[in-house]
Amino acid sequence: MMELEGSRKPWRVLEFYSGIGGMRYSLLKSAVKATVVEAFDINDVANDVYQHNFGHRPFQGNIQTLNATDLDRYNADAWLLSPPCQPYTRQGLQKGSCDARASSFIKILELIPQLLQPPSYLFVENVVGFETSDTHEILVKILEKNNFVTQEFILSPLQFGLPYSRPRYYCLAKRKPLSFEVPEFNNQLLRTPGPLLGQTESAMEKERLQSAEYWDELLQACQPVEHFLVFKTFGKGEDSSTYSFHANDSAKSDRSDEENNVYFVPSSLVERWGSAMDIVYPHSKRCCCFTKSYYRYVKGTGSLLATVQDYLDISCLGIP
């Protein structure tokens with residue numbers, strides 16, 4: 001999504017389900033002139049972090065109590081929405097709109113026809129699986145009836161050179177007469193970022209997206225995990241592969257190595273469950289998505305970082 005066509009004024013943005021501020025941070029990194037006029041999240045801890053990050057505490061009430069008049073007061077150009085994903089996850093019950101956690105998002109969508117000043121842009125993010133849900137059908141139907149055109153994507157950070165395997169669903173919506181640069185992709189679900197860059201998506205490329213070779217090439221092109229770690233190295237010699245999790249010298253005085261030990265996984269657990277763990281290293285070019293169950297369960301909840309290469313016999317685990 002690009003800056004408001006035909007206008008230099010900053011976007012007025014509403015951020016729904018703001019969490020700790022990932023959407024707002026991305027908006028800042030995009031260099032689009034914008035002001036987040038309000039954020040909404042019901043989680044007190046998330047709002048504490050958001051306030052720490054941005055100096056702005058989100059509205060913490062139940063967003064289902066909002067009405068069209070409330071939203072019109074913000075005169076927002078764009079809405080950013082990352083609604084609860086639990087109704088659509090593979091490991092969940094996949095109840096879609098029948099899940100109580102989907103109701104607030106549907107309520108917000110149902111307010112759009114009632115607005116005197118509807119947004120010009122919407123950006124929706126969710127898990128893979130949302131695109132096949134009945135909530136998705138509701139989203140598309142309401143947007144179409146209210147003169148929005150959409151382009152939908154399933155994209156992974158791996159496709160942008162980032163060592164993070166986390167495919168997600170994204171919906172971009174613009175209210176007419178606004179349009180996308182490549183309108184031939186309107187109302188389609190795309191699996192490559194090419195159309196965002198004005199590129200076409202050939203039938204041959206669609207087939208290639210399904211191949212293991214394509215994803216292997218992406219992995220090779222990714223930056224290593226260590227480019228995204230915040231740490232200070234220590235050890236003897238240039239070949240040292242031991243890491244300390246200090247953000248900088250000033251942080252080192254605040255937290256001792258003994259305190260950091262609480263984050264290390266006991267060797268007994270690694271020896272017993274290592275084959276089920278997703279263990280990565282600073283030189284690795286992929287890691288997996290963290291979930292709410294991280295540290296509670298071994299498998300499928302996120303990657304573990306091994307900071308010492310010879311911590312255990314890696315060959316017995318079959319880990320690259």
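About the cut-offs
- Residues numbered from 1 in each chain as written.
- Predicted model: local features only at pLDDT ≥ 70, side-chain atom pairs only at ≥ 80, totals over all residues.
- Heavy atoms only, no water.
- UniProt positions renumbered as here; feature names shortened; annotations may be inferred.
- Helix = DSSP H or I, 4+ residues; strand = E, 2+ residues; numbered from the N terminus.
- Buried < 20%, exposed > 50% of the residue type's maximum accessible area, 1.4 Å probe, protein only.
- Contact = heavy atoms within 4.5 Å.
- Areas by Shrake-Rupley, 256 points an atom, 1.4 Å probe, with all protein chains shown as cover.
- Phe/Tyr/Trp six-rings, centres within 6.5 Å; stacked < 30°, edge-to-face > 60°.
- Salt bridge = Lys/Arg side-chain N within 4 Å of Asp/Glu carboxyl O.
- Core = buried A, V, L, I, M, F, W, Y, C linked by side-chain atoms within 4.5 Å.
- Arc of directions from axis to C-beta.
- pLDDT = per-residue confidence, 0-100.

- Where an unreviewed UniProt entry is consulted, the protein chain appears under the name tRNA (Cytosine-5-)-methyltransferase isoform X2, with the organism given as Nicotiana sylvestris.
- Taken from UniProt, the Sequence similarities (unreviewed entry) comment for the protein chain reads in full: "Belongs to the class I-like SAM-binding methyltransferase superfamily. C5-methyltransferase family."

### A look at the overall build of the protein chain
Phase 1: Looking only at helices and strands, the protein chain features 10 helices and 11 strands.
Phase 2: The proportion of buried residues among the 320 residues of the protein chain is 42%.
Phase 3: Long-range pairs, those at least 24 residues apart, make up 63% of the contacts in the protein chain between residues at least 6 apart in sequence.
Phase 4: When the accessible area of the protein chain is evaluated, it comes to approximately 18500 Å², of which 52% is carbon and sulfur surface.

### Concerning the packing of aromatic side chains
Phase 1: The final tally for this structure, using the stated rule, is 12 aromatic pairs.
Phase 2: Ring plane angle 85 degrees and centroid distance 5.0 Å describe the contact between Tyr 88 and Phe 130, whose orientation is recorded as edge-to-face. Of the two residues, Tyr 88 sits in the loop between strand S3 (78–81) and helix H4 (103–111) while Phe 130 sits in the loop between strand S4 (121–127) and helix H5 (134–145), which places them 42 residues apart along the sequence.
Phase 3: Judged by relative accessible area, Tyr 88 falls into the buried class, the value being 4%.
Phase 4: Note on Phe 290 and Tyr 294: the rings are 4.6 Å apart at their centroids and 85 degrees apart in plane angle, and the pair reads as edge-to-face.
Phase 5: For Phe 290, a relative accessible area of 44% gives the class partly exposed.
Phase 6: Relative accessible area serves as the criterion here: at 26%, Tyr 294 is assigned to the partly exposed category.
Phase 7: Three or more aromatic residues joined by ring pairs make a cluster, and in this case those are Phe 16, Phe 40, Phe 59, Tyr 74 and Trp 79.

### Topic: the UniProt feature "active site" (unreviewed entry) in the protein chain
Phase 1: Feature annotation in UniProt places "active site" (unreviewed entry) on Cys 85, given in this structure's numbering.
Phase 2: By secondary structure assignment, the location of Cys 85 is in the loop between S3 and H4.
Phase 3: If sequence neighbours within four positions are ignored, Cys 85 has contacts with Asn 126 and Val 127.

### Examining unusual backbone geometry
Phase 1: With omega at 15 degrees, the peptide bond leading from Lys 176 into Pro 177 counts as cis.
Phase 2: Turning to its location among the elements, Pro 177 is positioned in the loop between strand S6 (168–175) and strand S7 (189–190).
Phase 3: Residue Asn 147 is not a glycine yet carries a positive backbone phi of 65 degrees.
Phase 4: Along the chain, the position of Asn 147 falls in the loop between H5 and strand S5 (148–155).
Phase 5: In this structure Asn 147 comes out as partly exposed when scored by relative accessible area, which is 44%.
Phase 6: Phi is positive for Asn 187, which is not a glycine, with a value near 60 degrees.
Phase 7: Looking at the secondary structure, you find Asn 187 in the loop between S6 and S7.

### So, the pattern of salt bridges
Phase 1: Counted according to the given criterion, the structure contains 7 salt bridges.
Phase 2: As a salt-bridge pair, Asp 278 and Arg 286 come within 2.9 Å of each other at their nearest N and O atoms.
Phase 3: Within this structure, Asp 44, Asp 48 and Arg 57 form a network of salt bridges that share partners.

### Quick notes on the nonpolar core
Nonpolar side chains in soluble globular proteins tend to be buried together.
Phase 1: Within the largest apolar cluster, 32 residues are counted, with the highest numbers of intra-cluster contacts made by Phe 16, Trp 79 and Leu 139.
Phase 2: For this core, the elements supplying multiple residues, two or more each, are strand S1 (11–16), helix H3 (68–72), S3, H4, S4, H5 and S6.
Phase 3: Per-element accounting of this core gives the leading share, 5 residues, to H4.
Phase 4: Apart from the residues lying within four places of it in its own chain, the contact partners of Leu 139 are Phe 105, Leu 109, Val 124, Phe 130, Tyr 169 and Cys 171.
Phase 5: If you look at the next biggest cluster of nonpolar residues, it comprises 21 residues, including Val 32, Leu 80, Phe 180 and Val 182.

### Describing helix H2 (residues 44–54)
Since the α-helix advances by 3.6 residues per turn, residues separated by three or four positions end up pointing in the same direction.
Phase 1: Inspection of H2 places Ala 46, Asn 47 and Tyr 50 among the buried residues, and these make up the whole buried set. An end-on view of H2 places all buried positions within 95 degrees of arc, on one side of the element. Counted as exposed and oriented over 90 degrees from the buried face of H2: Val 45 and His 52.
Phase 2: Turning to H2, the residues buried within the fold contact S1, helix H1 (22–30) and strand S2 (34–40).
Phase 3: Positive backbone phi, approximately 70 degrees, marks Gly 55, located one or two places after H2.

### Section: the confidence of the model for the protein chain
Phase 1: Of the residues in the protein chain, 82% have a pLDDT of 70 or more, and the chain-wide mean is 84.
Phase 2: Here helix H8 (residues 249–252) stands out as the least confident element of the protein chain, with mean pLDDT 42; S3 is the most confident, with 98.
Phase 3: Scored below 50 in pLDDT, residues 233–253 makes 37 contacts in the model with residues more than four places away or belonging to other chains.

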